[in-house]
Amino acid sequence: MAIDYSQKIPNNVQLADDRTLQRALEQWQPNFIQWWDDVGPDESAKLDVYLRTATSVDPQGWAHFDYVKMRDYRWGIFLNPAEADRKIHFGDHLGEAAWQDVPGEHRANLRRIIVTQGDTEPASVEQQRHLGLTAPSLYDLRNLFQVNVEEGRHLWAMVYLLQKYFGRDGREEAGALLERTSGDENNPRILGAFNEKTPDWLAFFMFTYFTDRDGKFQLAALSESAFDPLARTTKFMLTEEAHHMFVGESGVSRVLQRTAQVMNELRTDDPGKVRAAGAIDLATLQRYLNFHYSVTIDLFGADQSSNAATFYSSGLKGRFEEGKRSDDHVLKGQTYKVLEVQNGQLVEKDVPMLNALNEVLRDDFIKDSVAGVGRWNKVLDKAGLPQRLVVPHKAFNRKIGALAGIRMSPEGRVVGDDEWKAHEAEWLPSAADRAFVGSLMGRVVEPGKFAGWIAPPAVGINRQPVDFEYVRFG
Amino acid sequence: MDTAVAADAVLIKQHLIDPEICIRCNTCEATCPVGAITHDERNYVVRADVCNQCMACIAPCPTGSIDNWRTMPKARAYAIEAQLLWDELPPELTADQLAAEGVAPDAVVAVQAEPVLAVKPEAANGEAPFNSAAYGATVPPWSAAHAYTNLFGPKTPTTATVVGNVNCTEAGFHNQTHHIVLDFGAIPFPVLEGQSIGVVPPGVDALGRPHVARQYSVASPRNGERPGYNNVSLTVKRVTEDHQGRAVRGVASNYLCDLKVGDTVQVIGPFGQSFLMPNHPRSHIVMVCTGTGSAPMRAMTEWRRRLRKSGKFEGGKLMLFFGARTREELPYFGPLTSLPKDFIDINLAFSRTPGQPRKYVQDLMHERAVDLAPLLADPNAHFYVCGLKAMEEGVLLALRDAASGSGLDWEEVAGSLKREGRLHLETY
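Residues numbered from 1 in each chain as written. Chains lettered and ligands numbered in written order. Predicted model: local features only at pLDDT ≥ 70, side-chain atom pairs only at ≥ 80, totals over all residues.

### A word on the overall build of chain A
Inclusion rule: Strands here mean DSSP runs of E at least two residues long; helices mean DSSP runs of H or I at least four residues long; both are numbered from the N terminus. Residue burial here comes from a neighbour count, namely the number of other C-beta atoms, placed from the backbone, that lie within 10 Å of the residue's own C-beta, with 20 or more meaning buried, 12 or fewer meaning exposed, and in between meaning partly exposed. Throughout, a pair of residues is in contact if the C-beta atoms placed from their backbones lie within 7 Å.
Counting its secondary structure elements, chain A contains 14 helices and 5 strands. For chain A, the residues scored as buried account for 49% of the 474 residues in total. Taking as baseline every contact in chain A between residues at least 6 positions apart, the subset at least 24 positions apart corresponds to 71%.

### Quick word on the overall build of chain B
Looking only at helices and strands, one finds 11 helices and 15 strands in chain B. Within chain B, the proportion of its 428 residues that are buried is 41%. Counting contacts in chain B only where the partners sit at least 6 residues apart, residues at least 24 apart contribute 77% of the total.

### Looking at the sheet that holds strand β12 (residues 318–324) of chain B
Residues and elements named next belong to chain B. For the record, the criterion: In this analysis, strands are considered paired if DSSP registers two or more bridges between them. Interaxial angles span 0 to 180 degrees and are taken between N-to-C directions of axes, which are lines fitted to C-alpha atoms, for helices over the stretch in contact.
Strands sit in the order β13-β12-β11-β14-β15 across an open sheet of 5 strands; the sheet is parallel. Only two strands of the sheet have a single neighbouring strand rather than two, namely β13 (345–350) and β15 (423–427). Each strand of the sheet is rotated relative to its neighbour by a mean of 10 degrees, with strand direction disregarded. Pairing of strand β11 (residues 284–290) with β12, which is carried by 6 bridges, proceeds in the parallel orientation. Bridge assignment links Val286 to a residue of β12, and that residue is Met319.

### Comments concerning helix α12 (residues 357–382) of chain A
Note the cut-off: Here the expected length of a helix is defined as 1.5 Å per residue gap, with one fewer gap than residues.
The end-to-end C-alpha distance of α12 of chain A, which contains 26 residues, comes to 38 Å, matching closely the 38 Å that a straight helix rising 1.5 Å per residue would cover. Looking one or two places after α12 of chain A, you find Gly384 of chain A, whose phi comes out positive at around 75 degrees.

### As for the confidence of the model for chain A
Operational definition: Confidence of the predictor at the level of single residues is given by pLDDT, which spans 0 to 100.
Considering every residue of chain A, the mean pLDDT works out to 93; 99% of them sit at 70 or more. Least confident of the elements in chain A is helix α1 (residues 5–8) of chain A, whose mean pLDDT is 73; most confident is helix α10 (residues 282–298) of chain A, at 97.

### A word on the nonpolar core
This is how the line gets drawn: To define a nonpolar core, we join buried Ala, Val, Leu, Ile, Met, Phe, Trp, Tyr and Cys residues through C-beta atoms within 7 Å and take the resulting set.
In this structure, Val159, Leu202, Met206 and Val255 of chain A are the most contacted members of the largest nonpolar core, which totals 146 residues. In this view, Val255 of chain A contacts Leu202, Phe205, Ile280, Leu285, Trp453 and Ile454 of chain A; residues no more than four positions away in its chain are not counted.

### Describing the sheet that holds strand β5 (residues 158–167) of chain B
All names here are of chain B. Here we have 6 strands laid out as an open sheet, ordered β8-β7-β10-β5-β6-β9, and antiparallel in their pairing. The two strands at the open ends of the sheet, each matched to only one other strand, are β8 (214–217) and β9 (231–237). Between one strand axis and the next, the sheet turns through 40 degrees on average, direction left out of account.

### Section: the confidence of the model for chain B
Residue and element names in this part refer to chain B. Per-chain confidence: chain B averages 85 in pLDDT, with 90% of residues scoring 70 or above. Per-element mean pLDDT across chain B ranges from 38 in helix α1 (residues 2–8) up to 96 in strand β3 (residues 44–46). Note on residues 110–127: pLDDT is under 50 here. Beyond four places in sequence and across chains, it has 18 contacts. For this predicted complex, the interface confidence score (ipTM) comes to 0.82, while the overall pTM stands at 0.65.

### A short note on the packing of helix α7 (residues 201–222) of chain A against α10 of chain A
Residue and element names in this part refer to chain A. Which entries qualify depends on this criterion: The labels follow the angle: roughly parallel below 35 degrees, roughly antiparallel above 145, roughly perpendicular from 65 to 115, and oblique for the rest. Crossing handedness is read from the near helix: turned anticlockwise from the far helix by less than a right angle, it gives a left-handed crossing, and turned clockwise, a right-handed one. Residues were grouped as follows: Ala, Val, Leu, Ile, Met, Phe, Trp, Tyr, Cys and Pro as nonpolar; Asp, Glu, Lys and Arg as charged; and all remaining residues, including Gly, as polar.
The interhelical angle for the contact between α7 and α10, taken along N-to-C directions, is 30 degrees, at an axis separation of 9 Å. In terms of orientation, α7 lies roughly parallel with respect to α10. As for how α7 packs across α10, the hand of that crossing is right-handed. Packed against α7, whose contacting residues are Leu202, Ala203, Met206, Phe207, Phe210, Thr211 and Asp214, the element α10 presents Tyr288, Leu289, His292, Tyr293 and Thr296 at the interface. The class makeup of the residues in the contact of α7 with α10 is 8 nonpolar, 3 polar and 1 charged.

### Points about the environment of Phe236 of chain A
With respect to the helices, strands and loops of the structure, Phe236 of chain A is situated in helix α8 (residues 228–266). For Phe236 of chain A and Ile77 of chain A, which are 159 residues apart along the polypeptide, the C-alpha to C-alpha distance reads 9.8 Å.

### Observations regarding the environment of Trp201 of chain A
Residue and element names in this part refer to chain A. Here Trp201 shows up in helix α7. Between the C-alpha atom of Trp201 and that of Gly132, which follows or precedes it by 69 residues, the distance is 9.4 Å. Contact partners of Trp201, with chain neighbours within four places excluded, come to Leu131, Thr134, Pro136 and Met441.

### Notes on the pairing of strand β4 (residues 345–352) of chain A
Residues and elements named next belong to chain A. A small share of β4 lies buried, amounting to 0 of its 8 residues. Two strands pair when backbone bridges link them, and strand β3 (residues 335–342) and β4 are joined in this way by 8 bridges, in the antiparallel orientation. The residue of β4 that forms the bridge with Val338 is Lys349. Counted along the chain from β3 to the antiparallel partner β4, the turn is 2 residues long, and its residue Asn343 has a positive phi close to 50 degrees.

### What about unusual backbone geometry?
Of note, the bond from Gly269 of chain B into Pro270 of chain B is cis; its omega dihedral lies within 30 degrees of zero at -5 degrees. If you trace the backbone, Pro270 of chain B turns up in strand β10 (residues 264–271). You will see that Arg267 of chain A, though not glycine, has its phi angle at about 50 degrees, which is positive. A positive phi is found at His329 of chain A, a non-glycine position, where the angle reads about 60 degrees. Note that His329 of chain A resides in the loop between α11 (306–313) and β3. A tally of 18 C-beta atoms within 10 Å means that His329 of chain A is categorised as partly exposed.

### A short note on the packing of helix α5 (residues 138–165) of chain A against helix α6 (residues 167–177) of chain A
Residue and element names in this part refer to chain A. Where α5 contacts α6, the two axes come as close as 7 Å, and the packing angle between them is 155 degrees. One finds that α5 runs roughly antiparallel with respect to α6. Where α5 abuts α6, its residues Leu155, Val159, Leu162, Gln163 and Tyr165 lie against Gly170, Arg171, Glu173, Ala174 and Leu177.

### Here we look at the environment of Phe204 of chain A
Residue and element names in this part refer to chain A. Tracing the chain through its elements places Phe204 in helix α7. Phe204 sits in the buried class, given 24 other C-beta atoms within 10 Å. Measuring from C-alpha to C-alpha, the distance between Phe204 and Gly251 comes to 8.9 Å, with 47 residues separating the pair along the chain. In contact with Phe204, other than residues within four places in its own chain, are Gln128, Leu131 and Thr198.

Now the structure itself:
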């Protein structure tokens, strides 16, 4: 059977000329569709969704908008255009030519990095699979589905690297990416945050804001890699990741806008009254933020890690915007401050910079997150409200690294078990909070209509009006 | 000299990023093939002199914030230093403001390629939409006095002292409008009726940057709010919600409304050199305004009233169409209604009087079409429109209907109104 690969799988990796890769993908693709049908977006098979498909990496082919059934989405394989004579620009191989193939001594570590990244992509589709049934508008439903298909494409991107460069064990890892399942007790996803539930749309927006931003920073660090195909793949993925963060940032912003409107109409800051009016009170929003922020910063790993040092020195994974930094890009003999608890007090201590690179990336992420929270606060400011959202202390609610398990208030004060128990429901979303937010979730499918807990967006997608029929129910 | 004027007057479609929608994802900066896009911790911005409008950044932007354009004189394109301070995009310059920059009314936008993606779908239906803004004149009436502009810029503001601040409506806090008098002491600050000044609110915004100046039309005549004094008055509505009715506390308007006598404020300007009144003693003035758009109308009316009192006037007509939501919210309602009927022909429209049908200024203009038509044809009559953008089209259509209703060729009339500086639009 002749398959037109460039049509079915848009790509810029000469797939049509690569028989080995074709055979690997032909075996993997039916399993992917099976996975999509089994744990992909619930009850979505018949919907026509106004989606963006990339058909090439140049600006013209980047964003092709049309109605498609998600199952027929053309998941493509794209690498950013190659840079001629690209040199490794950090670590022990600084100045050498970038690798077009995997060096034997780094094979295991590179495969591990790619599998870990690849595992998060299908995981988030699984976490979000029921959200379509409670979408607050067609606009939001479409955005959810766009995020889902792009996570699917990111999976393809990682699978391409595994199958193309890692031989038999790469093919096995590609298969295993479809076998692990988010939240499965026996065969869970690799990283903790990707086994958490995304039960409601507020959680979804917080997830896309915070957790997809972790994705941005990991991809950005990998886009510096000495392994050129990985660098080029992740660079292109970053462009799509931006859309996910847009969904999160604008989503929370619209929730805030609606909440502020209700608070002003009722002239109240009483959470009970805000809830009674069908909006999400600021305290609950803050608790969701605390949860997603703390769970996400755990994703950066232990604050001191010899793996991180190895990955950097061997050129596998750089720092965020490595190319824009003006130090020696080797980092030997330099130090970085990390936190630990001594005698019930948080203290800073200097550790070797190379071992602290997880912490360096975490701190870059924190800076970026805080800036966006500042933009959320502008919504409150504009509404004339004095309340503000804040990110909790870096040590709050941590499960990984030196700060794991330490009882800490959001302001960063070490607290005892009793105080933690007394305040946990003020600091993290309680079952009652989740039940309340869950109670607001109801599907809105009339074009231009929005659920009562969220404001409409300022602009539509692709210059379409806000009341455009972004999803058609066949 | 001619070439210098021509260079200033070149118009460009300036590419801008909406800071309210942008999520600072860096995609545009990474995509731009010519390095026109840059950022700081606050905003992503486009260098007007580098951007070649290749549109490579438009499709990859996840938010749509990238697709914004403003018609600007090339020489006055927003610098990135200014863009980095924005919290929101500035509005399009009005025809009047463009004129103030030396742009000829028929100037054509100079672009390499018209931004295809920026074309709104409704423009593609083959029928040219009624563009009310295009009818505004960019030259002052021939008999207008010479206007001084830009004596004090944003980097060199001057200081004025508050000598009066009263609510000039009968409305409560949320709808009140203040009449604020500022005195310049010994500092020269000559302003004509129709000109505006900028007030710089003190302090910094949420991100620690100084506030930008807000522009207000002066409500006082050229010889001072109090004749013979170096002072001006402003009409300032306390902003407590935006145009969509969402709660917003306007920074500058609340600052101004809360000022006490004796406080000082930072002022820049004056601005504007075409929305000016005729000095010719037999000229007629038709004024159409809503809300605080009444400020320049009050200034012109008061100047005419003073001239009349001193016997220096030969009976030009004044006709006013003034709209507000309710009588209580109409600025200067009391003083206005006590003006003599043979001095000014006043038509008030209230759009939210309980139990009454909504009435807008254009409705009254339709009712008075028979009286407006001869004025449209009279080279001594001048028309001024100031207030909310939403009324502009209705007002222009009412003028068009008045013209065609009495057998005048509207396009011909509109052409002379614009050419002779007889129709001025200032809407926001």
